[in-house]
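Listed below, chain by chain, are the residues.
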Amino acid sequence: MRSSYKEEDVTLLLKDITGLVKPQSTAEREKLIQSGRHYCEMLPIEYVPSEAYMEAYREALVRYGSVMAEAVWTLGERILQRRGSKVTLVSLARAGIPIGILLKHCLERRCQHKIPHYAVSIIRGKCIDHNAMRYILERHRAEDVLFVDGWIGKGAILGELARCIRAYPGVSPQLAVVADPAGMTKLCGTREDILIPSSCLNSTVSGLISRTFLRDDIIGPMDFHGAVYYGELAGADLSYAFLDAIEREFPDEAVLAAAGSDGRVGDKRNGAEGQVKFPKGDTGLEEVKEIAAHFSIDDINLIKPGIGETTRVLLRRVPWKVLIGEQWQSDHALAHIRRLAFEKGVEIVPYPLRHYKACGLIRKMTDI
């Protein structure tokens, strides 16, 4: 699979399907998805951001790059504590790939040895790419595999992962993420719904590859899941500019030297399991169910909680409303969401969110 990432940073276990699939408009895809067609059988036309939106992205990177870097570093520390340094990182394409590269670099700086890193496709309702898993397990120990993603919204992919991995004895379904406002994994950098700047853009911050694709007329039984390479966007590629900006915020060599042989520098921000605490049983999924009841939504797949998921709704789906937590109305971390909502004419509704700063609601196409 072609990408703008360096080969030493990630091995993409994906089939290059460039030119084989005609992208479809957002409205066309949404109608097909809500009529029963699976999202993995189609590809969207890539959103071309306005200059005002790109300015919001650049501001987000400057303002919140250090927050994300600290969460990545904290996640690296928790991996060392719970799993040790003998890990094989397996990022979930595509949002997990830049996170996996950052984690790889973070762990390699601490441990002074190479960390294998792969990217595989997992698709809700279709399982993980079994050919990719077989490829990895032929080369690495099952107990070393560690799955990586950017964030957890309401936990749909986490549930998919747990279901699929039962086929692989010794492989843990645990998911390492930068942000887990849903409260569903111990391997997180923070429980806060922080802005992960890479969520603001699509392929131009993800190695110029599309989201993953699975349709049996193009993906054969022995193929990896597919993806498209957007070589025509090379002039707008920010993949390494993003990675470099985050890594500049990692601790310097003096801090690392003081950390000792295990590379641990302490968790200044988030405590043992993350800074934000909720009563037992009060998960992100429970909050999503409450939102569904409040807005009379009968399909929770139309509710996408968290900054990253809300951004995806505005970039890829047909949005109905954007909920912003009452205490976060002026938060700079949501500037790109407010910009996108303005450009697309989407109503922003103040709402008493607990786990999340924002939540995107997808329009039910039968209501149009």
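See the structure above.
Residues numbered from 1 in each chain as written. Predicted model: local features only at pLDDT ≥ 70, side-chain atom pairs only at ≥ 80, totals over all residues. Heavy atoms only, no water.

**Here we look at the state of the cysteines**
Short version of the rule: Any two cysteine sulfur atoms within 2.5 Å of one another count as a disulfide. The way it works is that DSSP assigns letters per residue, a run of H or I at least four long becomes a helix, a run of E at least two long becomes a strand, and they are numbered from the N terminus. Relative accessibility decides the category of a residue: with a 1.4 Å probe and only protein chains considered, values under 20% of the type maximum give buried, values over 50% give exposed, and everything between is partly exposed.
Counting across every chain of the model gives one disulfide. Across a sulfur-sulfur distance of 2.1 Å, Cys 127 and Cys 164 are joined as a disulfide pair. Separated by 37 residues along the polypeptide, Cys 127 in strand β5 (residues 127-128) and Cys 164 in helix α5 (residues 156-164) bring together distant segments of the chain. Distance from the sulfur of Cys 106, which forms no disulfide, to the nearest cysteine sulfur (Cys 111) is 8.3 Å. Exposure remark for Cys 106: the relative accessible area of 0% places this residue in the buried category. Cys 359 supplies the cysteine sulfur nearest to Cys 200, a cysteine that is in no disulfide, at a spacing of 17 Å. Taking the relative accessible area as the measure of exposure, Cys 200 reaches 1% and is therefore buried.

**Considerations on the nonpolar core**
Selection rule: By convention a nonpolar core is built from buried Ala, Val, Leu, Ile, Met, Phe, Trp, Tyr and Cys residues, the set being connected through side-chain atoms within 4.5 Å.
In terms of nonpolar packing, the biggest core is built from 66 residues, with Met 68, Ile 79, Ile 97 and Phe 242 touching the most fellow members. Sort the elements by how many residues they give to this core and helix α2 (residues 51-82) lands first, with 15 residues. In this structure, Ile 128, Val 145, Val 177 and Ala 182 belong to the second largest nonpolar core, which totals 26 residues.

**Notes on helix α9 (residues 307-316)**
For α9, a buried count of nine out of ten residues is recorded, marking the element as mostly surrounded by other parts of the structure. Buried within α9 we find Ile 307, Gly 308, Glu 309, Thr 310, Thr 311, Val 313, Leu 314, Leu 315 and Arg 316.

**Some details on the sheet that holds strand β11 (residues 319-325)**
Quick note on the threshold: Following DSSP output, two strands are said to pair if at least two bridges run between them. To get an axis, fit a line to the C-alpha atoms, keeping to the stretch in contact for a helix; angles then go from 0 to 180 degrees between the N-to-C directions.
Pairing is mixed in the open sheet, where four strands are placed in the order β10-β13-β11-β12. Either end of the sheet is taken by a strand with one partner, and the two such strands are β10 (303-305) and β12 (347-351). Neighbour-to-neighbour, the strand axes of the sheet open up by a mean angle of 25°, direction not taken into account. Pairing between β11 and strand β13 (residues 358-362): five bridges, direction antiparallel. If you follow Lys 321 over to β13, its bridge partner there is Leu 361.

**Notes on the environment of Ile 196**
Definition in use: Contact criterion: two residues are considered in contact whenever any of their non-hydrogen atoms come within 4.5 Å of each other.
Here Ile 196 is to be found in the loop between β8 (188-190) and β9 (226-227). For Ile 196, a relative accessible area of 3% puts it in the buried group. Separated by 142 residues in the primary sequence, Ile 196 and Arg 338 place their C-alpha atoms 16 Å from one another. Those residues in contact with Ile 196 that lie beyond four places of it in its chain are Met 68, Ile 99, Gly 150, Trp 151, Val 178 and Ala 179.

**What about the side chain of Lys 321?**
Quick note on the threshold: Under the rule applied, a polar contact is a pair of N or O atoms within 3.5 Å (in protein, one hydrogen donor and one hydrogen acceptor; residues adjacent in sequence only if both atoms are side-chain atoms).
Mapped onto the fold, Lys 321 is located in strand β11. Residue class for Lys 321 comes out buried when judged on its relative accessible area of 14%. Side-chain polar atoms of Lys 321 contact the side chain of Glu 347, separated by 2.7 Å. Residue contacts for Lys 321: discarding those within four places in its chain leaves Phe 295, Val 346, Glu 347, Val 349, Cys 359, Gly 360 and Leu 361.

**Thoughts on the packing of aromatic side chains**
The line we're drawing: Only rings of Phe, Tyr and Trp enter the pairing, Trp through its six-membered ring, and a pair is recorded when the two centres are within 6.5 Å. The plane angle decides the type: under 30 degrees is stacked, over 60 is edge-to-face, the rest tilted.
Applying the stated criterion to the full structure yields seven aromatic pairs. Ring centres 6.1 Å apart and planes at 85° place the aromatic pair Tyr 135 and Phe 224 in the edge-to-face group. Placement of Tyr 135 in helix α4 (residues 130-137) and of Phe 224 in the loop between β8 and β9 is noted, with a sequence separation of 89 residues between them. Taking relative accessible area as the criterion, Tyr 135 reaches 27% and is therefore assigned partly exposed. Judged by its relative accessible area of 22%, Phe 224 is partly exposed. Aromatic rings pair up to connect Tyr 118, Tyr 135 and Phe 224 into one cluster.

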